[in-house]
Amino acid sequence: MTHTTPTLDIVALGEAMVEFNQRPHEHADDAPLYLQGFGGDTSNAAIAAARAGARVAYLTRLGTDRWGDRLMDLWQQENVDTTPVQRDAQSPTGMYFVSHDAQGHHFSYARAGSAASRMQVQDLAHWADPIAHSQWLHLSGISLAISATACDTAFAAMAQARSSDTRVALDSNLRLSLWPLARAQACIRHAVSLCDLFLPSLEDMTALTGLTQAQDIISWSHAQGAAQVVLKLGAEGALASDGHKQHQLPGHMVQAVDATGAGDCFAGNLLARLSAGDDLWTATAYANAAAALSVQGYGAVAPLPTREAVLEMLHTPSKGTPA
């Protein structure tokens, strides 16, 4: 089965969550204050892509609670199609907390038994059409990790995409608090074999494969079956490869305050630009700039940049320190 004129650019599958992000203390002995926002890696990427101008839908389950309602409102405000979202009266919407210290940002999750973790292969009855009519299906290691049924659903969605000529993008997003390393290694390796574009991070790949050199990680990723690979290098930028040539983009110089969701911002903007017809190198440069903008504010969603802001950064000399 093929489609000729996609009505969507990107459908993202995974778990959206409520976020509580710690703000800086005015005094060392102050009680922590948290800014309420929203997160969930593939949801962040979907919103980032929509802000970049892409036509986006989200595939997930939410609780019928107040937080689920707030997420539905958020997506509608952000022009993300919520038609495929399933509401689950038996389970809550997940949430997480972000704290910050000299070592960076740290996550604490309250997502066990969440509505999204109860997604199952039967949900594809609702999701097959948007997958078949999109240019890209976007998933992550977290999409696979939240439960065994979610993992089965993710693999079935990838198979559905491949049968529909919809390309598959996978972000490694390894969270070892969600599953054992051996299972993560097996599932992510299989997922890479089913994807067209793999978006690993250096840290994730060292944990998954033991590899520490960017070139070795690129080679491993292509060997598993990914035609295109963009290795996210944090402050050092990104390294893109199509299996024939490579291009490294250096990091932008900005004042970074919170890296929560920066990789998701990168993924969403990259897919938005690929959907618009950019080649891998141009899209990677755009995504690299978008991610640098996103680390200058707190939370996963609020700092996601608009297309106008990214274009301005691409034409402005860098200042500050790499992000």
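Keep in mind it's a predicted model, so treat the numbers as computed, not measured.

(A) Geometry of the packing of aromatic side chains. Under the defined criterion, the tally for this structure stands at 7 aromatic pairs. Measuring from ring centre to ring centre gives 5.9 Å for Tyr 34 and Phe 97, while their planes differ by 85°; the resulting arrangement is edge-to-face. Pair noted here: Tyr 34 is in strand β3 (residues 34–39) and Phe 97 is in strand β8 (residues 95–101), with a separation of 63 residues, a long-range link. Grouped by ring-pair contacts, the aromatic residues Phe 20, Tyr 34, Trp 67 and Phe 97 constitute a single cluster. Here the guanidinium or amino end of Arg 66 rests over the ring plane of Trp 67, the centre of that ring lying 4.9 Å away. A cation over an aromatic ring shows up here: Arg 273 above the ring of Tyr 286, its NZ or CZ 5.6 Å from the ring centre.

(B) Representation of the pattern of salt bridges in the model. Summed over the entire model, instances satisfying the criterion amount to 9 salt bridges. A salt bridge links Arg 61 to Asp 123; the nearest nitrogen and oxygen atoms lie 3.0 Å apart. Of this pair, Arg 61 sits in strand β5 (residues 61–63) while Asp 123 sits in the loop between β9 (104–110) and α3 (124–132), and the two are 62 residues apart along the sequence. We note that Arg 61, like Asp 123, is buried. Put simply, Lys 232 and Asp 171 hold a salt bridge, and the shortest N to O gap is 2.8 Å. A residue pair is termed long-range when its members are at least 10 positions apart, and Lys 232 in strand β13 (residues 228–232) and Asp 171 in strand β11 (residues 167–171) qualify at 61 residues.

(C) Main features of the side chain of Asp 264. In this fold, Asp 264 is placed in helix α9 (residues 262–275). For the buried Asp 264, which has no salt bridge, the nearest side chain bearing the opposite charge is Lys 232, at an N-O separation of 6.0 Å. Excluding anything up to four places from it in sequence, Asp 264 contacts Asp 41, Asn 44, Ala 45, Ala 48 and Asn 173.

Analysis parameters
Residues numbered from 1 in each chain as written. Predicted model: local features only at pLDDT ≥ 70, side-chain atom pairs only at ≥ 80, totals over all residues. Heavy atoms only, no water. Phe/Tyr/Trp six-rings, centres within 6.5 Å; stacked < 30°, edge-to-face > 60°. Helix = DSSP H or I, 4+ residues; strand = E, 2+ residues; numbered from the N terminus. Lys NZ or Arg CZ within 6 Å of the ring centre and 35° of its normal. Salt bridge = Lys/Arg side-chain N within 4 Å of Asp/Glu carboxyl O. Buried < 20%, exposed > 50% of the residue type's maximum accessible area, 1.4 Å probe, protein only. Lys, Arg positive; Asp, Glu negative; His and termini not counted. Contact = heavy atoms within 4.5 Å.

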